[in-house]
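Structural overview
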Amino acid sequence: MRGFPIEGPGTDGVKYRMMVLLNFLTSRGFAVFLLCISIGLLVLWNVRPGFYSTLFLIPPALVFLSVALCTGRRFVNSGGRRGTAFRGSMVFHAGLLIVIAATAAGPLTRFHATAILPEGVRVGLDDEKFTAIHSTPAGGEAPRISLLLDWQETRYEEERFPVEYAAGLRVGLWGEGGYSQTEETIKVNAPLRKGGYQLMLIGGLLSPRFVLRDGGGGELFSRFVELSDKAGVEDSFNVEAAGLTVYTRFFPDVFEEDGRYGTRSPQPRNPAFGIKVATKEDPFGAAWSGVLKEGERAEFDGMTLEFAELKPVVVVSVTNDPTYSGIFAGWLFIVTGLIVRYLPSERSGGRKVKSFGDGLKGVETGHVKL
């Protein structure tokens, strides 16, 4: 990458120092160094999102400045020599600037939230109990969107292999015209767009609600818990108020044979949980163990554990990221610039043709000697 012409240290001091600075800012080494720092910060931010700082915008801003100065210098110094290759190079660098600007501006313009939706519960994006907001635009806030899960369905192939996940949502929007609600079906890998936001189904599971009561009927624990709903996979949850750990194993379609339990299929036709209750005093023992179907109870140590209900729960991602459009446009410019830059050109009519090998040589008339 050629720099600006410098006459030497004997020239005017201010002008000389400015030329040295411009040559440094437009050097290839400086740009590569900044790109490496930017990539490192991007990786760090993705691994540790809470570590992000607006100071991270400084390296990409300097990369943008370096590329812009280099491109501007080439344009000014080109004079009248602006052929097809030059135009392709300019388009390429314009695309590069667009990609850098769009990527760097992402954290300042992006909205991203994840909502956990239990069936029948309306959840707003400002509800901290069910929603985690990962990114908001500078000076912005969560959109006024509410989501309610009506149903969730998993389709299986040959009763064994899940091939499709779908959910029915009621999407509520508050806008200038007031409140509106629509019923939508959302599937994995088939996002939905509402009000300028993209809704994507990340996954779903069946969440049980367990209730633990003391001897007087008072509730010590009553809530939905996040447990594995895969057949035969062991999971657990704690009941701190009673000093208990409850180990579970899910049977979607339970059956019993000779005192042993299993499941006929992965679909929740007859759901039950295999349960072992351990106390802090005896973590390897079992205060109670057995199988509970929905609505059944078990009594032990003056307490009652009930498998109260089983509800579908889905996780939905809500995003609005204008940088995608900018990055896509930038890559179009880059690809177009490369194609134009390296298009084969006809060089004839009295102009020299570049040598293509020892046996091929261009001549002044534009003909080729073999």
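Position numbers for residues start from 1 in each chain and track the written sequence from start to end. The predicted origin of the model limits local features to residues at a pLDDT of at least 70 and limits the giving and counting of side-chain atom pairs to 80 or more, whereas totals for whole chains, interfaces and linings rest on all residues. Only heavy atoms go into the side-chain values, all of them from the structure, while hydrogens and water stay out.

The strands that make up a sheet are held in pairs by hydrogen bonds between backbone atoms, and each pair lies either parallel or antiparallel. By the convention used here, strands pair only if DSSP detects at least 2 bridges between them. Comment: elements are numbered from the N terminus, with helices defined as DSSP H or I runs of at least four residues and strands as E runs of at least two. The antiparallel open sheet is built from four strands, whose spatial order is β10-β11-β14-β15. Since the sheet does not close on itself, it has two edges, and those belong to β10 (234-239) and β15 (288-293), each with one partner. Going across the sheet, the axis of each strand differs from the next one's by a mean of 25°, ignoring polarity. As judged from the six bridges shared by strand β14 (residues 272-279) and β15, these two strands associate in the antiparallel manner. Along β15, the bridge assignment pairs Gly274 with Val291. Here an axis means a line fitted to C-alpha atoms, over the contact stretch when the element is a helix, while the angle between two N-to-C directions is reported on a 0 to 180 degree scale.

We call Phe, Tyr and Trp rings a pair once their centres come within 6.5 Å, taking the six-membered ring for Trp, and we label the pair stacked below 30 degrees between planes, edge-to-face above 60, and tilted otherwise. Tallying each qualifying case throughout the model produces nine aromatic pairs. Aromatic side chains Phe250 and Phe273 sit 4.9 Å apart centroid to centroid with 40° between the ring planes, which places their arrangement in the tilted category. One end of the pair, Phe250, is in strand β11 (residues 244-251); the other, Phe273, is in strand β14, and 23 residues separate them in sequence. Residue classification places Phe273 among the buried residues on the basis of a relative accessible area of 1%. Partly exposed describes any residue whose relative accessible area lies between the buried limit of under 20% and the exposed limit of over 50%, with all areas from a 1.4 Å probe on protein chains only and scaled to the type maximum.

What follows covers the pairing of β14. A regular strand places its side chains so that they alternate between the two faces of the sheet. In terms of burial, β14 is largely enclosed, as seven of its eight residues are buried. As defined by bridge partners, β11 adjoins β14 across eight bridges and the pair is classed as antiparallel. The partner of Arg249 across the bridge, within β14, is Gly274.

Turning next to the sheet that holds strand β2 (residues 122-124). Spatial strand order, β2-β4-β5-β6: four strands in an open sheet with antiparallel pairing. Either end of the sheet is taken by a strand with one partner, and the two such strands are β2 and β6 (178-187). Each adjacent strand pair in this sheet contributes to an overall mean axis angle of 25°, direction not counted. Relative to strand β4 (residues 145-157), β2 runs antiparallel, the two being bridged by three bridges. From the neighbouring strand, Arg122 faces β4, where its bridge partner is Leu148.

Another point: helix α5 (residues 323-341). Multiply 1.5 Å by the residue count of a helix minus one, and that product is the helix's expected span. Across its 19 residues, α5 extends 26 Å between first and last C-alpha, which sits within 8% of the 27 Å expected from 1.5 Å per residue. Burial in α5 covers these residues: Thr323, Gly326, Gly330, Ile334 and Gly337. Seen along its axis, α5 keeps its buried residues to an arc of 75°; they face one direction. Exposed positions of α5 whose direction lies more than 90 degrees from the buried face are Tyr324, Ser325 and Phe328. In what follows, a contact means two residues having at least one pair of non-hydrogen atoms within 4.5 Å. Lining the buried residues of α5 we find α4 (84-109). Along the arc lie the directions from the helix axis toward the C-beta atoms.

Positioned with a positive phi, Asn189 is a non-glycine residue whose angle comes to about 70°. If you trace the backbone, Asn189 turns up in the loop between β6 and β7 (192-194). With relative accessibility at 71%, the residue Asn189 sits in the exposed group. One non-glycine residue, Asp301, adopts positive backbone phi at about 50°.

Turning next to the confidence of the model for the protein chain. Note: pLDDT gives the predictor's confidence per residue, expressed from 0 to 100. Across the protein chain, the average pLDDT comes to 81, with 85% of residues at or above 70. This stretch, residues 346-370, has a pLDDT under 50; its non-local contacts, to residues over four places away or in other chains, come to 24 contacts.

Turning to its location among the elements, Gln152 is positioned in strand β4. Given a relative accessible area of 19%, Gln152 falls into the buried group. For the purposes of these results, a polar contact is taken to be a pair of N or O atoms within 3.5 Å, where, inside protein, one atom must be able to donate a hydrogen and its partner to accept one; residues adjacent in sequence count only when each atom of the pair is a side-chain atom. Within the local environment of Gln152, its side chain forms a polar contact with the side chain of Thr154, the two groups lying 3.2 Å apart. Look past the residues within four positions of Gln152 in its chain and what remains in contact with it is Tyr165, Ala166, Ala167, Pro312 and Val314.

Patch criteria: residues need more than 30% relative accessible area and no salt bridge. Like-charged residues are merged within 9 Å; nonpolar side chains of Val, Leu, Ile, Met, Phe, Trp and Tyr are merged within 5 Å. Per-residue accessibility takes into account occlusion by the displayed protein chains alone, with areas from the Shrake-Rupley method and a 1.4 Å probe. By definition, a salt bridge exists where a carboxyl oxygen of Asp or Glu is found within 4 Å of a side-chain nitrogen of Lys or Arg. Residues Val14, Met18, Leu21 and Phe24 make up a contiguous nonpolar surface patch of about 380 Å² in total accessible area. Its place among the elements puts Val14 in helix α1 (residues 13-25).

Looking now at α4. Along an α-helix, residues three or four apart share an orientation, since each turn contains 3.6 residues. A rise of 1.5 Å per residue sets the reference length of α4, with its 26 residues, at 38 Å; its end C-alpha atoms lie 36 Å apart and thus fit the reference within 8%. In α4, a bend of some 25° at Thr103 exceeds every other bend along the element, and Pro107, a proline, comes one to four places later. Here the bend at a residue is taken as the angle between two axes, fitted respectively to the seven residues that end there and the seven that start there.

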